Amino acid sequence: MDVAASSSQLWWVASIGLMVVGVAGTVLPMLPGTILVLAGIVLGAWIDDFTRVSGWTLGFIALLAVLAWVTDYVAALMGAKRAGASRLALVGAAVGTVAGVLMGLVGLLFMPLLGAMAGEYWSQRQRLGAAATRGELSAAGQKATTVGVATWIGLLLGTVIKVVLTFLMIGVFFAALWI
């Protein structure tokens, strides 16, 4: 095996490695998933001197990456806003997501929900003040639950859409490479 072939194989390992880590990053918020997948795809096209994967194909894949990135944020915001979430609910969902990474799959699934609920409850408590009645606190808890669930559903839907778009990016790349 000559040096050029060996070097090419290492580049392909790096390209596929970026895509694999990127796919994991679509569900792990600490990794920029779509960016890593896009980087792996661009590296793969570069290895092949852009002969089978054209600039137009890369442009389409980049558009899918931007759409996946935007969808990830917009879906959660739409769910939260639809339920009348406060800014603290969104902050709570973000903090819950980061904390969930440290807790494994169950944490990743449920910590954004708990964070959004806690943030909304805190916001409602601040709005009501110290003299809140038991009924007002109960209503604040119900509002926090509604907002938390809506934010959580938005996050889950956004993640599902992002995963689908990420696999579409990879599919378009390999179809262009092999066809």
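One can find the structure itself at the top, above this paragraph.
Residues numbered from 1 in each chain as written. Predicted model: local features only at pLDDT ≥ 70, side-chain atom pairs only at ≥ 80, totals over all residues. Heavy atoms only, no water.

S.K.: Lay out the overall build of the protein with the relevant residues and their values.
M.R.: Helix and strand content of the protein: six helices and zero strands. When the helices and strands of the protein are placed in sequence order, the string is α-α-α-α-α-α. Oriented by its inertia axes, the alpha-carbon framework of the protein measures out at about 80 × 30 × 20 Å. The buried share among the 179 residues of the protein stands at 38%. Contacts spanning at least 24 positions in sequence make up 70% of the contacts within the protein whose residues lie at least 6 apart. Accessible surface, the protein: about 10,100 Å² in total, of which carbon and sulfur atoms supply 75%. Distance between charge centres in the protein, computed from 9 positive and 6 negative side chains, equals 22 Å. (Helix = DSSP H or I, 4+ residues; strand = E, 2+ residues; numbered from the N terminus. Buried < 20%, exposed > 50% of the residue type's maximum accessible area, 1.4 Å probe, protein only. Contact = heavy atoms within 4.5 Å. Areas by Shrake-Rupley, 256 points an atom, 1.4 Å probe, with all protein chains shown as cover. Lys, Arg positive; Asp, Glu negative; His and termini not counted. Charge placed at Lys NZ, Arg CZ, Asp CG, Glu CD.)

S.K.: So what about the packing of aromatic side chains? Which residues, and what values?
M.R.: Under the definition given, this model contains four aromatic pairs. Note on tryptophan 11 and tryptophan 46: the rings are 5.2 Å apart at their centroids and 80° apart in plane angle, and the pair reads as edge-to-face. One end of the pair, tryptophan 11, is in helix α1 (residues 3-25); the other, tryptophan 46, is in helix α2 (residues 33-47), with 35 residues separating them in the sequence. Under the relative-accessibility criterion, tryptophan 11 is labelled partly exposed at 39%. (Phe/Tyr/Trp six-rings, centres within 6.5 Å; stacked < 30°, edge-to-face > 60°.)

S.K.: Can you break down the pattern of salt bridges residue by residue, with the values?
M.R.: Applying the stated rule across the entire model yields one salt bridge. Between arginine 52 and aspartate 48 there is a salt bridge whose closest N-O contact spans 3.0 Å. Given the relative accessible area of 15%, aspartate 48 is considered buried. (Salt bridge = Lys/Arg side-chain N within 4 Å of Asp/Glu carboxyl O.)

S.K.: Describe the packing of helix α4 (residues 87-101) against helix α5 (residues 104-128), listing the residues and the values that go with them.
M.R.: As a packed pair, α4 and α5 sit with axes 6 Å apart at the nearest point and diverge in direction by 155°. Compared by their axis directions, α4 and α5 come out roughly antiparallel. The element α4 and its partner α5 pack so that their crossing is right-handed. For the pair formed by α4 and α5, the contact residues are Leu88, Ala89, Gly92, Ala93, Gly96, Thr97, Ala99, Gly100 and Val101 on the first element and Gly104, Gly107, Leu108, Met111, Pro112, Gly115, Ala116, Gly119, Glu120, Trp122, Ser123 and Gln126 on the second. Residues of the contact of α4 with α5, tallied by class, amount to ten nonpolar, ten polar and one charged. (Axes fitted to C-alpha atoms, helices over the stretch in contact; angles between N-to-C directions. Parallel < 35°, antiparallel > 145°, perpendicular 65-115°, else oblique. Left-handed = near helix turned anticlockwise from the far one by under 90°. Nonpolar A, V, L, I, M, F, W, Y, C, P; charged D, E, K, R; others polar.)

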